[in-house]
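Fold and contact review
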2 protein chains.
Amino acid sequence: MNGGVDIKVSPIKKFEPVFYPDSVTLVGASRDPRKFGYLCLKSLIDSKFPGMIYPINPGSSEILGLKSYPSVKSVPGTVDLAIIVVPANLVPAVLRECGRKGVKGAVIITAGFKEAEGSLGTELQDEARDIAEEANIKIIGPNTFGMYIPHANLNASFTPLLSTIKKGDISFLSQSGGMCHTLSYLAMDDGIGLAKVLSLGNRCNVDFADLLEYLGEDPQTRAIAMYIEGIDNPRRLVAMAKEVTKKKPVVAYKTGKSRAANQAAFSHTGSLAGNYELYSAALRQAGVLMVKDSLELLDTAKALAFCPLAKGDRIAVCSPVAGPGIVSADLGQENGLTIAEFSLPTQEKIETILPPVTFRMNPLDMAFARNSGMWKEILKAIINDPGVDAMLLIFVKQEFFDPIIDEVVELAIDLLKTYHKPIVMGLLSPSKIFVQEKNRLQRNRIPVYQTPERAVKALAALISYSKTLGF
Amino acid sequence: MNGGVDIKVSPIKKFEPVFYPDSVTLVGASRDPRKFGYLCLKSLIDSKFPGMIYPINPGSSEILGLKSYPSVKSVPGTVDLAIIVVPANLVPAVLRECGRKGVKGAVIITAGFKEAEGSLGTELQDEARDIAEEANIKIIGPNTFGMYIPHANLNASFTPLLSTIKKGDISFLSQSGGMCHTLSYLAMDDGIGLAKVLSLGNRCNVDFADLLEYLGEDPQTRAIAMYIEGIDNPRRLVAMAKEVTKKKPVVAYKTGKSRAANQAAFSHTGSLAGNYELYSAALRQAGVLMVKDSLELLDTAKALAFCPLAKGDRIAVCSPVAGPGIVSADLGQENGLTIAEFSLPTQEKIETILPPVTFRMNPLDMAFARNSGMWKEILKAIINDPGVDAMLLIFVKQEFFDPIIDEVVELAIDLLKTYHKPIVMGLLSPSKIFVQEKNRLQRNRIPVYQTPERAVKALAALISYSKTLGF
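Residues numbered from 1 in each chain as written. Chains lettered and ligands numbered in written order. Predicted model: local features only at pLDDT ≥ 70, side-chain atom pairs only at ≥ 80, totals over all residues. Heavy atoms only, no water.

A few points about the sheet that holds strand β12 (residues 223–228) of chain A
Where strands meet in a sheet, backbone hydrogen bonds hold them as pairs that are either parallel or antiparallel. All names here are of chain A. Pairing is mixed in the open sheet, where seven strands are placed in the order β9-β8-β11-β10-β12-β13-β14. Looking along the sheet, the strands with just one partner apiece sit at the ends: β9 (154–157) and β14 (289–291). Neighbouring strand axes in the sheet, compared pairwise and without regard to direction, differ in orientation by 20° on average. With five bridges joining them, strand β10 (residues 167–174) and β12 adopt parallel strand pairing. Bridging across to β12, phenylalanine 172 finds its partner in alanine 225. (Pairing = 2+ DSSP bridges. Helix = DSSP H or I, 4+ residues; strand = E, 2+ residues; numbered from the N terminus. Axes fitted to C-alpha atoms, helices over the stretch in contact; angles between N-to-C directions.)

Encoded structure:
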């Protein structure tokens, strides 16, 4: 009966040794570059994990330049986290040994548990769970690609490439390793960092609700994104989401709607997807933002992590190209936003600056604002307008505006710092151009998107979350 | 009464001198890098336009290394196309001179016509139209960023950067220059070419319907994408779309739904956006695929331009990562696709190759297909299955599969050539990796997308178009 202890232990304490271990062992380390045991070791090394790394392989004395050991037992020091890649039938014995060694967390990459055909896998998973509960070991997996924690320089996955991801403040909780790769590659392309990427796999004794609770308290996580297929205990997840969303934004992507996908979901990580509409409605009710696309999941989480909350739903759209401004106004309204009416002083200000040849209301056409002084006066008047709660600022790679890009970046950052209203940017440009400018904006908490639609949808999600908190 | 002539002239002949001119004049050429007259000349030069270029400026004798002339009249040779950037009030006189010189087409970049506040602009536009009709000049614009025709090495726009876009087979027809930039930059990032990008602006005497008719016959255009704000003559557009979609796929993105956007649309290019639902329904009825996002517009046009038509709606999803496969099945079904049931022989084949630890039905989990021979046998059986009409193939940047990427690319190309069923690929990878492989696939008519959602939505659009043609 050590369950009583758990109640008093904070989620941060509970998972501390799993996510911030001082030492890691890799059970099943290998010199064969085609094996999990090689790739996971390479991931640990590439991510520059600063603690001790103990590769375990009875047949070697050294792997990838590290001294290796025949068993967990034979490791000289203490071990906090074990990454396990040995075949499924050997996992229970390894876990027992880990328990005796005082290991606190295990990432079980091995597949062939509850998700496999036949009953053997389920039996093995039950056995593993019982051992882990007895020994107080938190299991990520089994049947997971692993996890990585940029802030801990810990890549405990079989994909070394992910070691290059920067430290950021979005955490991703996913049932699927494939979706972890998808999201991580999008983040890499976007130049943003991540806080924690956790692939839950079969969720042996650590489920969505546990990690949602943890991330809710995690100081390094400002926004939580989830990819969910099956849910074993939906009530607990919804109840937890209700608590967490009071503190932090949570975006979720739930699949398994179709019959084919539901069957596949069971086979994937051992749980049926269940009733999509029911779960979606319950999560939405709990304050979770529901999306249906991986790009949107990241886009939304980014705006939520970067921006201050909005105090209302009235947005200003300012664009040097009219079409993308019109697109934004349309889609913004469709997504529940109000296209702000500028106050009389703001309107008058704009009309003294811009000639009467383009649309001088909201969505504002700034085609004739050809110097940064005009941008400054106009944008300042707009963001300072009491009828404007947030700004969607569009910029375009176009020779006329090239000379002012630096000043516009500076101005946007300055406006955010001065007025604390969310500013989201649509930067219409080939992704190879304005890389520094984009990074500078994002470092300063202005999320940047390549199309007007992505920008306005992310802003709508931010405002929707602000609304659930009561503006 | 030269209207009678037009009826007999094919659209191809009518627009030949506009899109494939032997000589171009730029009226209002300038040495000042901040002016349209400089940027347009740079665009012409950068795109390596092979014909004669005549800059017109009464005050210069040479601009950007080209001999310049005081007037259109004084140009020694014949002139097919005039790009006009002089102030609006001078445009009628320039058009008259162009008419006398035998110019057949004009790109009027100058703004300040029907879209401007006050009645003067409308009067000027009417005057320009009358002169052009009399002289048989086709006008692109006014109030346009221009157009570019990669196949003619003709960048007749104020954005020199667009000269770098490759020759391709998607044409884009847009009311907005900003949306032309947005789409073009997405295409540049994607490494694909374009056929014609035409920004219509105020549509003085050339409207959507005219260019839709032209593109319907244009041998270099395989798919047509449109961005529409206001429509002056919706009946004519819908009737034309009905004809063109019998021959070629057309995808459209219509905005101006919200009140703010509708007002802005009028101010942008001089037409009210009108009733969104009505227009959308009519266009859909005419066989046009309607989208609501610029990325989706390009994604869809790409699949339509690249792929053969499908003979049914039953898709196979094959993925080495289960999550993205499940996502695809779900979203595919939501978008009207059927997740194919494999035939008994196909199913048996798969079961002899893949171990019983992952989902071996559709969406197929190929996590354990670790060599290219397994991929070959499985994918061949599936695409050859009479119950499968199209394939969504997913590949992931992941060390296990790195060694087989070349063979998978080869295989996909080979399967397309052999079985003529559409193959769409989700390549889950940072965009800097697998660049050559992606380009190779796309050159060989397999469209590639970075997320499973983008891939399956594009495939759904392709199948929807195939269906309107009666499968």
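From this point, the discussion proceeds with the structure in view.
Topic: the pattern of salt bridges
Residues and elements named next belong to chain A. Within this structure, the stated rule accounts for 42 salt bridges over all chains. When the shortest N-O distance is used, the salt bridge between aspartate 210 and arginine 236 registers 2.6 Å. With aspartate 210 in helix α7 (residues 208–217) and arginine 236 in helix α8 (residues 234–244), this pair connects stretches of sequence that are 26 residues apart. In this structure arginine 236 comes out as partly exposed when scored by relative accessible area, which is 34%. Across the pair lysine 246 and glutamate 243 runs a salt bridge whose closest N-O atoms are separated by 3.3 Å. Within the structure, one salt-bridge network assembled from shared partners comprises Asp126, Arg129 and Asp130. (Salt bridge = Lys/Arg side-chain N within 4 Å of Asp/Glu carboxyl O. Buried < 20%, exposed > 50% of the residue type's maximum accessible area, 1.4 Å probe, protein only.)

Digging into the packing of helix α2 (residues 11–19) of chain B against helix α7 (residues 208–217) of chain B
All names here are of chain B. For the pair α2 and α7, interaxial distance at closest approach is 9 Å and the crossing angle is 100°. Here α2 lies roughly perpendicular to α7, going by the angle between them. Each of Pro11, Ile12, Lys14, Phe15 and Phe19 in α2 lies in contact with α7, whose residues at this interface are Asp210, Leu211, Glu213, Tyr214 and Glu217. Partitioning the contact of α2 with α7 into residue classes produces six nonpolar, no polar and four charged. (Parallel < 35°, antiparallel > 145°, perpendicular 65-115°, else oblique. Contact = heavy atoms within 4.5 Å. Nonpolar A, V, L, I, M, F, W, Y, C, P; charged D, E, K, R; others polar.)

Details of the relation of the copies chain B and chain A
Mapping chain B onto chain A calls for a screw motion: a turn of 180° about the axis and a shift of 0.0 Å along it, with 0.0 Å RMSD after fitting. Both chain copies can therefore be described as sitting about a two-fold axis. Interface overlap between copies: 100% of the residues of chain B at the interface are likewise at the interface in chain A, consistent with a symmetric, same-surface contact. (Least-squares fit on C-alpha atoms with pLDDT ≥ 70 in both.)

So, the interface of chain B and chain A
Each partner contributes residues to the interface: chain B has 74 residues there, and chain A has 74 residues. Between chain B and chain A lies a buried interface of about 5700 Å² when both sides are counted; carbon and sulfur atoms form 62% of it. Considering only the side of chain B, the residues that lose the most area to chain A are Ile326, Asp330 and Phe400 of chain B, jointly responsible for 10% of the buried surface there. Inspection of the region where chain B meets chain A yields two salt bridges. Where glutamate 334 of chain A meets lysine 292 of chain B, a salt bridge forms, and the shortest distance between an N and an O atom there is 2.8 Å. Here chain B is connected to chain A by 18 residue pairs in polar contact (both at pLDDT 80 or more). Secondary structure elements with two or more residues in the side of chain B that touches chain A: α3 (36–46), α6 (177–190), α9 (259–269), α11 (294–306), α12 (322–334) and α17 (452–468) of chain B. (Buried area = accessible area lost by both parts, 1.4 Å probe. Polar contact = N/O pair within 3.5 Å; in protein donor to acceptor, adjacent residues only side chain to side chain.)

Comments concerning the side chain of lysine 248 of chain B
Residues and elements named next belong to chain B. Residue position: lysine 248 is located in the loop between α8 (234–244) and β13 (250–254). Within the buried set, lysine 248 has no salt-bridge partner at all; the shortest N-O distance to an opposite charge, 5.8 Å, is to aspartate 218. Within the structure, the side chain of lysine 248 is placed 3.2 Å from the backbone oxygen of glycine 216, a separation counted as a polar contact. Filtering out sequence-adjacent residues up to four positions away, lysine 248 remains in contact with Leu215, Gly216, Glu217, Asp218, Thr221, Arg222, Ile224 and Tyr465. (Lys, Arg positive; Asp, Glu negative; His and termini not counted.)

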